[in-house]
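Residue-level structure breakdown
Below, each chain spelled out in residue letters.
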Amino acid sequence: MMGYPKKGEIYLVNEKRPALILSNNIHNQYSPLVTVAPLSSNINKVYPFEVYVTKKSTGLNENSKIMIIQLRSVDKKRLINKIGDIEDKEILNKINKVISEHFSL
């Protein structure tokens with residue numbers, strides 16, 4: 001892996017699940033762990049604590065949802081490869097809003 005994973009990038013974790021990097025870049029550069037939110041292409045029901053994203057906005061093959069309440073820290077060794085990213089400020093603001101609401105910040 002060149003450099004380090006950056007906030008907003010989407011990686012394949014353990015060869016099966018895409019996940020959005022949420023931890024800040026200073027943490028991501030120096031820690032062996034990153035904080036991620038998994039994505040799912042099962043978008044039949046998108047709850048208020050999830051964020052819907054189009055394949056165009058992520059670079060993924062399918063429209064997806066970011067499952068904010070399933071945040072977790074993973075070892076960077078488990079990040080297989082970068083498969084997309086989110087640069088749209090409106091989507092990033094929505095993600096931050098949902099995280100803030102979830103933790104009552």
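**Observations concerning the overall build of the protein chain**
- Along the backbone of the protein chain there are 3 helices and 7 strands.
- Its helices and strands in sequence order give the protein chain the pattern β-β-α-β-β-α-β-β-β-α, from N to C terminus.
- By the compact-globule yardstick of 13 Å for 105 residues, the protein chain fits well, its C-alpha radius of gyration being 13 Å.
- With the principal axes as the frame, the protein chain shows a C-alpha extent of 35 × 35 × 20 Å.
- Counting every position in the protein chain, which comprises 105 residues, the buried fraction comes to 39%.
- Approximately 6,500 Å² of the protein chain is accessible, and the part contributed by carbon and sulfur atoms is 50%.
- Computing the positive centroid from 16 side-chain charges and the negative centroid from 10, the protein chain places the two 3 Å apart.

**Structural notes on the pattern of salt bridges**
- Counting across every chain of the model gives 4 salt bridges.
- Salt-bridge contacts for Lys82 lead to Asp85; the nearest nitrogen and oxygen are separated by 3.6 Å.
- Since its relative accessible area comes to 22%, Asp85 is described here as partly exposed.
- Between Glu101 and Lys97 there is a salt bridge, and its shortest N-O distance comes to 2.6 Å. Here Lys97 and Glu101 lie together in helix H3 (residues 89–102), a separation of 4 residues that amounts to about one turn.
- What you see here is one network of salt bridges that share partners, running through Glu9, Lys82 and Asp85.

**Focus on the pairing of strand S1 (residues 9–13)**
- With 4 of 5 residues buried, S1 is to be regarded as a mostly interior element.
- As defined by bridge partners, S1 adjoins strand S7 (residues 79–85) across 5 bridges and the pair is classed as antiparallel. Across the sheet, the residue bridging to Glu9 is Asp85, located in S7.
- In terms of strand pairing, S1 meets strand S2 (residues 17–21) through 4 bridges, oriented antiparallel. Residue pairing across strands places Val13 opposite Arg17, the latter belonging to S2.

**Comments concerning the packing of aromatic side chains**
- Under the counting rule described, the total for this entry stands at 1 aromatic pair.
- Arranged with centres 5.2 Å apart and planes meeting at 0°, the rings of Tyr47 and Phe49 form a pair that is stacked.
- Owing to a relative accessible area of 32%, Phe49 belongs among the partly exposed residues under this scheme.
- Over the ring of Tyr4 we find Lys6, and its NZ or CZ is 4.2 Å from the ring centre.

**Regarding the nonpolar core**
- In terms of nonpolar packing, the biggest core is built from 15 residues, with Leu20, Val51, Ile66, Ile86 and Ile95 touching the most fellow members.
- For this core, the elements supplying multiple residues, two or more each, are strand S3 (33–40), strand S4 (50–53) and H3.
- Counting residues per element, this core draws most heavily on H3, at 4 residues.
- Core analysis: the next-biggest nonpolar cluster, separate from the first, contains 8 residues, Tyr11, Ala19, Ile21 and Val34 among them.

Definitions and cut-offs
Residues numbered from 1 in each chain as written. Predicted model: local features only at pLDDT ≥ 70, side-chain atom pairs only at ≥ 80, totals over all residues. Heavy atoms only, no water. Helix = DSSP H or I, 4+ residues; strand = E, 2+ residues; numbered from the N terminus. Rg over C-alpha atoms; globule rule 2.2 N^0.38 Å. Buried < 20%, exposed > 50% of the residue type's maximum accessible area, 1.4 Å probe, protein only. Areas by Shrake-Rupley, 256 points an atom, 1.4 Å probe, with all protein chains shown as cover. Lys, Arg positive; Asp, Glu negative; His and termini not counted. Charge placed at Lys NZ, Arg CZ, Asp CG, Glu CD. Salt bridge = Lys/Arg side-chain N within 4 Å of Asp/Glu carboxyl O. Pairing = 2+ DSSP bridges. Phe/Tyr/Trp six-rings, centres within 6.5 Å; stacked < 30°, edge-to-face > 60°. Lys NZ or Arg CZ within 6 Å of the ring centre and 35° of its normal. Core = buried A, V, L, I, M, F, W, Y, C linked by side-chain atoms within 4.5 Å.

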